[in-house]
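If you want the building blocks of each chain, they are given just below.
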Amino acid sequence: MLSTGSRSRWPIAGVAVVLTAALSACSGGSDAPGSAGGGSGDAAPAVPAPKIAISPATGSAKVRPDKTVIVTAADGELEEVTVQAGGKKVEGEFDPTHTKWTSKEPLKPSAKYTVSAKATGKGGPATATSSFTTLKPKVGLEVVDVTPGIKGETVGIGMPIMVRFNAPVQDKAAVEQALEVDAEKPVKGAWRWVDDKYVIYRTAKYWPAHQKVKFTAHLTGVKAGPNTYGLEDHSTTIKIGAAWISSVSTRTHMMVVRRDGKVVQTMKISAGKGDTREYTTTSGIHLTMERGNPVTMISPGKKEGDPGYYKEVVNHAVRISNSGEYVHSAPWSVGSQGRANVSHGCVNASPSQAKWFYDNFHRGDIVKIVGTSRILEWDNGWGFWQMPFSKWKQGSALES
């Protein structure tokens, strides 16, 4: 019996030993050398640092100025992106996830750009740099003249903004899109292309008086045509003065001058005698363009000795068209002023009142003339107000 019992207990004990060994193999081992799941041998794979990609690629040359700079980050978010040339930074914006940055403006031609970017992620921070150069265009577009553009000048409420370029513009919409007019007292306006190099901005109604208007041509990098890019921006600040409006009637032979709606001068005048079209004063809305003291006036298309030839030196002359019309001093016609039209087309005034007009008016002031059958053409001098605004804006590359 005893021997039998001994035989029955030994196998049970052996099973216990086996189970204990099995449990030890499953639950222990973190301290056991060489264990598959313990200690340094069980470390998770390292999280990668963010990867930054920059386009254009570093070392790129002859990059088009209208190329968009794009910076992206994988496995992280962009914290900072700087794109610059010559100390001037390029504006750009991040996408909602901050994994992409895109430039918002054209690049400067013939420039070396550097790009630096910073990103952060679970794998730590990362940085990247790049550099590239933009192409030199065959034709560099520039503004060569803006009228008005005389420093310190005050202009009238009818003044247009006239812009001339050094080269023909084929993509007028792209260039016009880059032209900004920022007024303290905004009013609707539109550009009209007169030719490939000349564009004019006119408001729908006269400028509100007493304000500043800033014109900026954001031309840098703008593609104006094949192999033609804007070289640099151009800006001009324009000072609009009082609302000077002169109303001339060739029938009553009078001119009434108002400043900000108040009558400040009443002048007897004599207009064109009207026996020929050439000697007929044009009716319509004129702008004062320039002035001179004295100005020599010669009959157009005639030589000395020809019938109707004249050569007169006049004082205090203010030009109002390109067809030879001025408001000027005419002491020889004082007897007819207020009574009859005897001039070759100009508006004659007495010496004292012509000097007053000369001294007080600015370029872009309004001179409205009524009473004749000859109508001022819209492109005669600055007769732009003769064209209805609905037709004017049809000359824009952006207006439908």
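One structure accompanies this document, and this report is about it. (Residues numbered from 1 in each chain as written. Predicted model: local features only at pLDDT ≥ 70, side-chain atom pairs only at ≥ 80, totals over all residues. Heavy atoms only, no water.)

### What about the overall build of the chain?
Across its full length, the chain holds 4 helices and 30 strands. Expressed as a percentage of the 400 residues in the chain, the buried residues total 42%. Counting only contacts in the chain whose residues sit at least 6 apart along the sequence, the fraction spanning at least 24 positions is 64%. For the chain, the computed accessible surface area is about 21200 Å², with 53% contributed by carbon and sulfur atoms. (Helix = DSSP H or I, 4+ residues; strand = E, 2+ residues; numbered from the N terminus. Buried < 20%, exposed > 50% of the residue type's maximum accessible area, 1.4 Å probe, protein only. Contact = heavy atoms within 4.5 Å. Areas by Shrake-Rupley, 256 points an atom, 1.4 Å probe, with all protein chains shown as cover.)

### Notes on the sheet that holds strand β3 (residues 77–85)
The antiparallel open sheet is built from 4 strands, whose spatial order is β4-β3-β7-β8. The sheet is open, and its two borders are formed by β4 (88–89) and β8 (124–133), each paired with just one other strand. The pairing of strand β7 (residues 112–121) with β8 spans 10 bridges and is classified as antiparallel. Bridging across to β8, Thr114 finds its partner in Ser131. (Pairing = 2+ DSSP bridges.)

### Some thoughts on the side chain of Thr236
For Thr236, the location among the structural elements is in strand β19 (residues 234–240). Looking at Thr236, the relative accessible area reads 12%, which means it is buried. One polar contact links Thr236 to His234, side chain to side chain, over a distance of 3.5 Å. Apart from the residues within four sequence positions on either side, Thr236 is in contact with Val146, Pro148, Gly149, Val213, Lys214 and Phe215. (Polar contact = N/O pair within 3.5 Å; in protein donor to acceptor, adjacent residues only side chain to side chain.)

### Details of the side chain of Thr280
Assignment of secondary structure puts Thr280 in the loop between β22 (262–268) and β23 (284–287). With residues up to four places along the chain from it excluded, the contact list for Thr280 reads Gly274, Glu325, Thr372 and Arg374.

### Quick look at the pairing of strand β2 (residues 70–74)
The side-chain alternation of β2 yields one buried face, formed by Val71 and Ala73, and one unburied face, formed by Ile70, Thr72 and Ala74. Across 5 bridges, strand β1 (residues 51–55) lies against β2 in antiparallel orientation. Note that in β2 the partner of Lys51 across the bridge is Ala74. Note that β2 and strand β6 (residues 100–103) share 3 bridges and pair antiparallel. Within β6, the position partnered with Val71 by the bridge is Trp101.

### Focus: the environment of Lys151
Structurally, Lys151 can be placed in the loop between β10 (143–147) and β11 (154–155). A relative accessible area of 84% means that Lys151 is categorised as exposed. A sequence separation of 85 residues divides Lys151 from Thr236, and the C-alpha atoms of the two residues are 9.1 Å apart.

### Considerations on the sheet that holds strand β27 (residues 317–319)
Spatially, 4 strands are ordered β24-β27-β28-β29 in an open sheet, and the strand pairing comes out mixed. For this open sheet the edge positions go to β24 (290–292) and β29 (347–349), each flanked by a neighbour on one side alone. Taken over all neighbouring pairs, the strand axes of this sheet differ in orientation by 15° on average, direction set aside. Where β24 meets β27, 3 bridges bridge the pair, whose relative direction is antiparallel. Paired with Gly292 across the bridge in β27 is Ala317. Against the sheet, helix α3 (residues 351–360) makes contact with β24, β27, β28 (326–329) and β29, and its axis sits at roughly 130° relative to β28, the strand it touches most. (Axes fitted to C-alpha atoms, helices over the stretch in contact; angles between N-to-C directions.)

### Details of the pattern of salt bridges
As enumerated under the stated definition, the model contains 9 salt bridges in all. Linking Glu153 and Arg363 is a salt bridge whose minimum nitrogen-to-oxygen distance equals 2.7 Å. One end of the pair, Glu153, is in the loop between β10 and β11; the other, Arg363, is in the loop between α3 and β30 (366–370), and 210 residues separate them in sequence. With relative accessibility at 17%, the residue Glu153 sits in the buried group. (Salt bridge = Lys/Arg side-chain N within 4 Å of Asp/Glu carboxyl O.)

Remember that the coordinates give geometry; whether it matters functionally is a separate question.
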